[in-house]
Structure formats: structure tokens, C-alpha cells
Amino acid sequence: SHSDVFAAVDLGASSGRVVVGRVGPDELALTEVHRFPNRPLRLPSGLHWDIGGLYNGVLDGLRAAAGHAPRSVGIDSWAVDYGLLDDSGALLGLPHHYRDTRTDGAAPAFVERFGAAELYARNGLQYLPFNTVFQLAAARGTAQLRSAHALLLIPDLLGYWLTGERGAEVTNASTTGLLDVATRRWSAPLAEAAGIDVALLGELRAPGERIGTLLPGPAEHTGLAAGTEVAAVASHDTASAVAAVPARTERFGYVSCGTWSLAGLELGAPVTTEAARAANFTNELGVEGTTRFLRNIMGLWLVQECLRDWGLDDSALPGLMEEAGSAPAFAALIDAGDPRYLVPGGMPARIAEHLRATGQPVPEDRGGLLRCVLESLALAHRDTLRRACALAGRDIEVVHLVGGGARNELLCQWTADALGLPVEAGPVEATAIGNLVVQARAALPGASHGDLRRLVHAAERPRRYEPAGTAGWDAAAARLDLE
Ligand code: ADP
Ligand code: LRH
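About the thresholds
- All residue numbers here refer to positions counted from 1 along the written sequence of the relevant chain.
- Each chain is given a letter, starting from A, and each ligand a number, starting from 1, according to the order in which they appear as written.
- It should be noted that, the model being predicted, local features are given only for residues of pLDDT at least 70 and side-chain atom pairs only at 80 or more, the latter also being counted only at that level, while totals for whole chains, interfaces and linings use all residues.
- Here, any two strands with at least 2 DSSP bridges between them count as paired.
- For the purposes of this entry, the term helix denotes a DSSP run of H or I that reaches at least four residues, the term strand denotes a run of E that reaches at least two, and both are numbered from the N terminus.
- Each axis is a line fitted through C-alpha atoms, taken for helices only over the stretch in contact, and angles between the N-to-C directions span 0 to 180 degrees.
- Near, as applied to residues and a molecule or strand, means the residue's backbone-placed C-beta atom lies within 6 Å of it.
- Residues are grouped as follows: nonpolar covers Ala, Val, Leu, Ile, Met, Phe, Trp, Tyr, Cys and Pro; charged covers Asp, Glu, Lys and Arg; every other residue, Gly included, is treated as polar.
- Around each residue's C-beta, the other C-beta atoms within 10 Å are counted; 20 or more make the residue buried, 12 or fewer make it exposed, and counts in between make it partly exposed. All C-beta atoms are placed from the backbone.
- What counts as a contact is two residues whose backbone-derived C-beta atoms lie within 7 Å of each other.
- Note that the arc is computed from the directions linking the helix axis to the C-beta atoms.
- Here roughly perpendicular refers to angles of 65 to 115 degrees, roughly parallel to angles under 35, roughly antiparallel to angles over 145, and oblique to all remaining angles.
- UniProt positions are given in the numbering used here, feature names are shortened, and annotations may be inferred rather than shown by experiment.

**Some details on the sheet that holds strand 13 (residues 252-257)**
Logical step 1: If you trace the seven strands from one edge of the open sheet to the other, you get 15-16-14-13-17-18-19, paired in mixed fashion. Of all strands in the sheet, those bounded by a partner on one side alone are strand 15 (282-285) and strand 19 (463-465). Adjacent strand axes in the sheet meet at a mean angle of 30°, parallel and antiparallel pairs treated alike.
Logical step 2: Judged from the five bridges that link them, strand 13 and strand 17 (residues 398-402) form a sheet pairing that is parallel. Counterpart to Tyr-254 in the pairing with strand 17 is His-400.

Next comes the structure, spelled out in C-alpha cells:
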């Protein structure tokens, strides 16, 4: 049977990778051709993304992919962040990082002005201080924003540099806070409230649409064929990850677990009830018009920042996990959804400070601190998925945990134990797979989304963790006032 080759560029907050995939009705074979670190820039103007370094990483990756002759290229990245272009198409300054603190005052002030209930009714998003709408409110009156003619989200910006074509892919647009949750079009009232002209936001495009063909410069630089297409995928990384969840039932929950844990459900329509707003659940767009009803949990960021503080990297994880596994259970717990952990720096000290303030013992060693973090994450996964089910009137029988977190056996097992549900872990590269599968859709006529999920399951074989007793977990959840 027929299969085709595609290239996925997947930019995560901790690293970027380029993956080549051969996809056909019975085939999904992946090769990672390039991986590079994503190191933010701390400058007097705040915390930024090194967008030039990332673009070079993309070009290097595409050069490594060229020998496989991909038919098209798709780009996904983290959500909400953007670059501004002037009237000549030049980039106006380095994009800010969503962990920059310039929205600290502007975000709550915007909500106060607009009204929290009114805002949720319009955009259906959970409150996160870095939603694009708040970043723009914070940038109001700056020279850059005043001279801006276009705003491009990160994947759309890179797509523009590769093809010269501009637009706004809709799954990522749904994270900005500027998209109307009912009409799925840009909202003029929200743009106005943010202080921008809605025309800045550009034409929406859907996953699967064609963006354009490579410009001569990038084609020459990468060695990719001149006619190689750049395709719009589900350019929000979490949308791509959810698209690739290898579910074999409709009664599943997911945790897309990398720098963040994004835990929730795939629904046919948004849930914008007052209860959903009060519980701070978001309605982001998925592939094929689905809604990703989920909440952000701090995720492995907590682990990344502890490692960085200790001068270690991921290679230390296997050893540290063994220490965490033998540290005492439920000795200390934190709320892993707490926005106090959003900003970088001093993570072990900040966790210790919070434990002291809440009368809990501070773990004496690294293993103990990581146990505290991982048990707390498992509790947050449980709380978020249980609330999502209650708010959406759904019931689930399995949880799919995808992303780098699927490599963390303790986190997978504890998530299963806490929920009293089986966890199916993997694929680790779900986001890149979702990116590839959306591109391959045209090459797989007649395949339903369920068929694609079964294809991912067959190729990647998730690892199943059966739940042990929830008893200790019920008591631990009660200590944090969680479900
Ligand atoms: P992102 O896409 O947000 O950059 P990933 O999905 O790549 O994140 O996940 C990165 C995380 O995966 C790391 O922060 C780390 O906690 C986890 N991870 C990577 N390698 C291992 C490993 N060998 N054992 C356990 N966890 C790992
Ligand atoms: C995960 C993610 C998440 C967003 C955050 C900014 O990488 O895209 O879905 O909330 O980054």
C-alpha cells in the first residue's frame, strides 16, 4: 500500500526536534534527525525566546531531513507567544517568553475591566497571566506595538520565514484569548479591549491546509526540493499531542506531559459553564473541530528547574528517580497547579519555603524533594481529570499520558494509583506524530481519526500501568483540598 514521507518540526519549551515520518494506511515509522536545546534569553527588556537560534535549529533539522525527501513540512510549538512585523515584514524585536513577568499587573487589570464571566463567555479560556490577549494589553503603547502591521504566533512566524506566506493556524489561535469560542473567528471586541486592530491577527487557517512552498533561500540552505510544501498542522503542540493519543476507546482522558502537564478531555463542543470557569478550565481547539477541555498543571517544569538549580541535566534523572522512589511517601505535598511556580529560578528554595509556610517537613535530600514534586503532580493529574469529567458529564476508563513524562515510570504509576485508573504511557514524541499524521491525512483517504489513533497504537505500543490502591492518595488529596 502507498505511503509518503513528511517532516515534523516540533519546538518544545525545553528542546526542539525535527522528525521524519513515513506514513501509510498500515505504516508509521519515525526517525528523529535533529534535536537542539531551547535556551531562553534574559535581557534588560525581559525574558525572550532566542528566535534566531530556533530558526537555525529548524534549518539544520530540515537539512538533516532533506535526504529523506519529505513531501511537506509542518511546524508546531508552544502556544500564546508571537512576533510582530513592521510594514516591510521585518521582525520588531525578539518575541517575549510566556514566563516573562510583564503581564503581572496588566492581566488582572484586563480581567477586572472586561469582567471575568464576560471574558470566559467570549473566549472560553482558563486564566493564565500569559494569554496573548494579556501580553498585548501589557505591551499597549510600546513603539513596537504601535508600528506593528502583523502579529504572527511562533509556528506561523517560522512558516512565514520559510515560505513568505502569513496566516494564523486556528488551534494555536485558540490559545490567544482573542478567538471567539462560539464562532471560532477572531473577536473584534476582544481585540479592541486588548488595544489592537483585529487586522493585525491575519487570516485563520485550519490544520491540513497548505501554507506555501519553500522560498529559494531556505530551499537552498536546507537542500530540500524547491517545490517542497509547508503545511499547516495543529500548530499548537498540545493540539498535535492530543491528536496522536493512541486511544482505542472514546472514554479516555489524557495528560500531555512535558514542560507542562495538560490534563483533560477531548469533547465535541466547549463547556463554558460558570462551574467550568470557577474551576479554571480551558476550551482550546483540537483537530477536526474538537474541543480540548483541559487545565494547565506546572508539569515537569518543576523537575527541570530543580535540576537546573542543582547544576544537573536530564541525564541525572534515572539515578534521582531511584532516590525519589525510596524516599518516604507523602511526606510533603505542594499544589502543582499553583502559578507561584511559573517563573524561573530558585525552585528548590521556593518549594521549601512553601512547605515551611504550610507546616510541612522540608525533604532533606534531592530524592525526597523530587518525590514531593512527583506525588504532587500525580495528585494534580487526578484532581484535574476528575473535575473535567464532572464538569463535562463524562466518564473515563483509561488515561493516556504522552510526551517526555511517559519516560518517568514513577509519575506514570503514581498517576494510575492516584486516579484508580490504568495509565497508558507513550508515545514520548506524540506531538511530532500528531504533526506528521495531520500532514499525511491527504495520503490516507478515508481514514477516520479513530483509524489514525489505532495506527499510532500499533506503531508505538504504549506501556500500560495498572492502578494499585488509591487509599493513601485519597488522604493525600484531602490534605491539599483536591478531588
Ligand atoms: P517539551 O516538549 O515541553 O520541551 P518533553 O515532552 O520533551 O518537553 O519532555 C521533557 C521532559 O521529559 C524532561 O523535562 C524530563 O523531565 C522528561 N524526561 C526526559 N528524559 C527522561 C528520562 N530518561 N527519564 C525520565 N524523564 C525524562
Ligand atoms: C505546552 C504549551 C501549553 C501552553 C503553554 C504556553 O508546550 O503549549 O499548551 O499553555 O505551552
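The structure having been displayed, the exposition proceeds.
**Some points on the site of ligand 1**
Logical step 1: Lining the immediate environment of ligand 1, one finds 17 residues, of which Gly-12, Ser-14, Gly-258, Thr-259 and Gly-404 sit closest.
Logical step 2: For the shell around ligand 1, the secondary-structure elements that each account for two or more residues are helix 12 (301-309) and helix 13 (317-326).
Logical step 3: Along the lines of polarity and charge, the residues of the shell around ligand 1 split into five nonpolar, 10 polar and two charged.

**Quick notes on the environment of Pro-270**
Logical step 1: With respect to the helices, strands and loops of the structure, Pro-270 is situated in the loop between strand 14 (261-267) and helix 11 (274-278).
Logical step 2: Given 21 C-beta atoms within 10 Å, Pro-270 falls into the buried group.
Logical step 3: Here the alpha-carbon distance between Pro-270 and Leu-355, two residues 85 residues apart in the chain, equals 37 Å.
Logical step 4: Dropping the residues within four chain positions of it, Pro-270 is found in contact with Gly-124, Val-181, Asn-283 and Thr-291.

**Re the site of ligand 2**
Logical step 1: The environment of ligand 2 is formed by 13 residues, the closest being Trp-78, Ala-79, Asp-237, Thr-238 and Trp-260.
Logical step 2: In terms of residue class, the shell around ligand 2 is built from seven nonpolar, five polar and one charged.

**Details of helix 19 (residues 471-479)**
Logical step 1: The complete set of buried residues in helix 19 reads Trp-473, Ala-476 and Ala-477. Buried positions in helix 19, seen along its axis, are confined to an arc of 100° and lie on one side of it. Exposed residues on helix 19 whose side chains face more than 90 degrees from its buried face are Ala-471, Asp-474, Ala-475 and Ala-478.
Logical step 2: Check the buried side of helix 19 and you find it contacts helix 15 (366-392) and helix 16 (409-419).
Logical step 3: One or two residues past the end of helix 19 sits Asp-481, with phi positive at roughly 65°.

**Digging into the packing of helix 2 (residues 106-114) against helix 4 (residues 132-139)**
Logical step 1: Where helix 2 contacts helix 4, the axes come no closer than 8 Å and their chain directions differ by 105°. When the interaxial angle is binned, helix 2 and helix 4 end up roughly perpendicular. Mapping the contact onto sequence places Ala-106, Ala-107 and Phe-110 in helix 2 and Phe-134, Ala-137 and Ala-138 in helix 4.
Logical step 2: Looking at the contact of helix 2 with helix 4 residue by residue, the classes come out as six nonpolar, no polar and no charged.

**Brief notes about the sheet that holds strand 2 (residues 15-24)**
Through backbone hydrogen bonds, the strands of a sheet pair up, either in parallel or in antiparallel fashion.
Logical step 1: Spatial ordering of the open sheet is given by 3-2-1-6-12-11, a layout of six strands whose pairing is mixed. The open sheet has two edge strands, strand 3 (27-37) and strand 11 (210-213), and neither has a second partner. Pairs of neighbouring strands in the sheet enclose a mean axial angle of 25°, with direction left out of account.
Logical step 2: Across three bridges, the pairing between strand 6 (residues 72-77) and strand 12 (residues 229-231) is parallel. Within strand 12, the residue paired with Val-73 across the bridge is Val-230.
Logical step 3: Packed on one face of the sheet, helix 6 (residues 154-163) meets strand 1 (4-11), strand 6, strand 11 and strand 12 and runs near 150° to strand 6.

**Examining the pairing of strand 16 (residues 291-297)**
Logical step 1: Burial analysis of strand 16 places seven of its seven residues in the buried class, which makes it a mostly covered element.
Logical step 2: Side-chain alternation along strand 16 places Thr-291, Phe-293, Arg-295 and Ile-297 on one buried face and Arg-292, Leu-294 and Asn-296 on a second face that is also buried.
Logical step 3: Where strand 14 meets strand 16, seven bridges bridge the pair, whose relative direction is antiparallel. Residue pairing across strands places Ala-263 opposite Arg-295, the latter belonging to strand 16.
Logical step 4: Where strand 15 lies against strand 16, four bridges are found, and the strand directions are antiparallel.

**Describing the UniProt feature "domain: Carbohydrate kinase FGGY N-terminal" (unreviewed entry) in the chain**
Logical step 1: With numbering aligned to this structure, UniProt lists the feature "domain: Carbohydrate kinase FGGY N-terminal" (unreviewed entry) at residues 45-242.
Logical step 2: With 40% helix and 14% strand, residues 45-242 has its two end C-alpha atoms placed 34 Å apart.

**Some words on unusual backbone geometry**
Logical step 1: Omega for the bond connecting Gly-426 with Pro-427 falls within 30 degrees of zero, at 5°, which places this linkage in the cis form.
Logical step 2: Turning to its location among the elements, Pro-427 is positioned in the loop between strand 18 (423-425) and helix 17 (430-440).
Logical step 3: One non-glycine residue, Glu-288, adopts positive backbone phi at about 55°.
Logical step 4: Mapping Glu-288 onto the fold places it in the loop between strand 15 and strand 16.
Logical step 5: Non-glycine residue Asp-481 carries a positive phi angle of around 65°.
Logical step 6: The residue Asp-481 is located in the segment after helix 19 in this model.

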